[in-house]
Amino acid sequence: MSALPPLLMIPGPVEISPAVAAAAARPPRGHLDPVFIESFGAALGDLRSVWLAAPGSQSFAVPGGGTLAMEAAATNLVAAGERALVISTGVFGDRMAEMLRRRGAEVEVLAAPPGAAPTAADAEAALARAVARERPFKALFATHVDTSTGVRIAPAGFARAARRHGALSAFDGVCATAGERFEMAEWEADLYFTAAQKALGLPPGLALWVAGERALEARRALPAPPPLSLDWEAWRPVMEAYEARRPAYFSTPATTLVAALAVGLAELLAEAPAAAEAMARVWSRHERAARSLRAAFRALGLAPVPVSPELEASTLSALRFPAGRGGELVAAIGARGVAVAGGLHPALAGTYFRVGHMGSVTRRPEALARTIAAIAGALAGDGSSAAREAAEAFERSWTESAPAAAAGSAR
Ligand code: PMP
C-alpha cells in the first residue's frame, strides 16, 4: 500500500497538470506510429513558440535532462582553445564553467557572492576588454535562474552585450523556461535550453533547446565534432523530419514523454490566441504566485537569499532559516504533506531551504495556501497566530494581484 505523494513544491520535478499526467500514463507508442509523429512534430513547433524564437531556429527534444542540454551547449558552441565567458550566479553557472573547461575551452567566470549577480554592464566590460586584447570570447553563457540561489538575471542585456561584441549568447533556462520572461528572437539570443521537469510542467527525462541560426552555424564550423550523442548535427535531421511529419531515427526518442510534452506545450499556448500573449499570461501567473507566497514568507519573518527584490526569481524562493532552525524544518514541512528542498549551494550549506512554485501549481491557489500552511505550521505551530497572519498575507496579495477580467479565462 502506498501513501499519496506529498504536494511537490521542490524546485523540480514539480506537480503536473491532469492532462499531462494522463498523457504520461498512456501505453507507449513506437517512434514510427503516426500519432506519435504528429505529437513530436507539433511539440517541436510549439517549443519555438514558447521560446518566442525566430522561424529559422531549430528546436530539439532529446532524452536526458538539463545537464545533458548544458553539455550539448558547451560542446556544440565552443571548440578546444576557444574562449568562453560564464556569468555565474550559483552552482549551475559553475557547472557550466566546468563543462567548458573539460571541453578544453579557455574560460573566464564573472561571479558574484551567493545571492548577488554580475550585471550586464559587468559582462559588457569583460566582452569589450577581450575584444580590445584581440582575444574575443566565442560565447557568453548565463543561467537565467540559478536554482541553488534563487537568483534571476535579466537575459536581454547579456544577450545584447554579447551581440555587440561578436559573441554568441547561450542561456540555461532549466529553472526559468515558461516561468520567466524570455523572448529569444526579440533579444537576439542564440541558444536557450531547458529540461522538462520544471515550469514546463512535465515529468523529468527530456532535454529541450532551441538554437538560433548563428548557433547552428557555429556548430557546423567547429574544427572537430562533439561526442556523437550530444551532436546537434546528429539530432537536427531527426527534428527536421518529425516537424515535417516524417519519422527519422538517430537514437530512440522518449516517446511517452514527447507525447506528454505536446500536451503540456499546447496547454500553455492555449492561454491566449497568440503565442506572445499566451506566454505573457504564463509568466504573469508565475509572478503572481511568487509575489503572493513572498507576502506570506515576509509575514513569517523568512528572509530571501537573493540580495534585492529584482533578483528574486518567480519560479522558486530560496529562504534563510530563521535563527535556531535548520534542516529539521524541511522534514517538519514534509511531515505536513508538502515537499520542499534543502539548500544546494556549498557556501550556504545548512543556512537555507528552497520552495519551488512553478508550472501548473501556479493555477492552484489552494495548493499554494497549503504550502504556506505547512511552512507556517512547521515554523510557528499549526493554528498559531503567525500561521493565520501568513495565510491572510497570501490571500490578500493573491486577491490584489488578480489579472484584469479577461485574463481569468486562462484554462
Ligand atoms: N541548470 C539549472 C538552472 C538547474 O536548476 C538544473 C537542475 N536543478 C540543471 C541545470 C540540471 O538539470 P538536470 O538535473 O535535469 O540535469
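In this text the structure is predicted, and so the values were computed from the model without any measurement.

Focus on the pattern of salt bridges
With the rule as written, the count across this model stands at 29 salt bridges. Taking the shortest distance from any N to any O, the salt bridge between Glu271 and Arg363 comes out at 3.1 Å. With Glu271 in the loop between helix 10 (255–269) and helix 11 (275–299) and Arg363 in the loop between strand 14 (352–356) and helix 13 (365–380), this residue pair connects regions lying 92 residues apart in the sequence. Look at Glu271 and you get buried, because its relative accessible area is 3%. Among the residues examined, Arg363 registers a relative accessible area of 27% and is labelled partly exposed. Residue Arg364 pairs with Glu366 through a salt bridge whose shortest N-O separation is 3.3 Å. In this structure, a network of salt bridges that share partners links the residues Arg83, Glu106, Glu108, Arg129 and Arg135.

Structural notes on the sheet that holds strand 8 (residues 168–172)
An order of 2-10-9-8-5-3-4 is seen for the seven strands of this open sheet, with the pairing classed as mixed. Of all the strands in the sheet, the pair left with one neighbour each is strand 2 (58–63) and strand 4 (106–111). Each strand axis lies, on average, 15° off the axis of its neighbour in the sheet, ignoring direction. Relative to strand 4, strand 3 (residues 83–88) runs parallel, the two sharing six bridges. Along strand 4, the bridge assignment pairs Arg83 with Glu106. The sheet contacts of helix 2 (residues 34–51) involve strand 2, strand 9 (191–195) and strand 10 (206–211), and relative to strand 2 the element is tilted by about 120°.

Digging into the sheet that holds strand 11 (residues 316–320)
One open sheet holds the three strands; their spatial order is 11-14-13, and the pairing between them is antiparallel. What marks the edges here is a single partner per strand, and that holds for strand 11 and strand 13 (341–342). Relative to strand 14, strand 13 is paired through two bridges, and the arrangement is antiparallel. Paired with Gly342 across the bridge in strand 14 is Phe353.

Here is what the cut-offs are and how they apply
- Residues numbered from 1 in each chain as written.
- Predicted model: local features only at pLDDT ≥ 70, side-chain atom pairs only at ≥ 80, totals over all residues.
- Heavy atoms only, no water.
- Salt bridge = Lys/Arg side-chain N within 4 Å of Asp/Glu carboxyl O.
- Helix = DSSP H or I, 4+ residues; strand = E, 2+ residues; numbered from the N terminus.
- Buried < 20%, exposed > 50% of the residue type's maximum accessible area, 1.4 Å probe, protein only.
- Pairing = 2+ DSSP bridges.
- Axes fitted to C-alpha atoms, helices over the stretch in contact; angles between N-to-C directions.
- Contact = heavy atoms within 4.5 Å.

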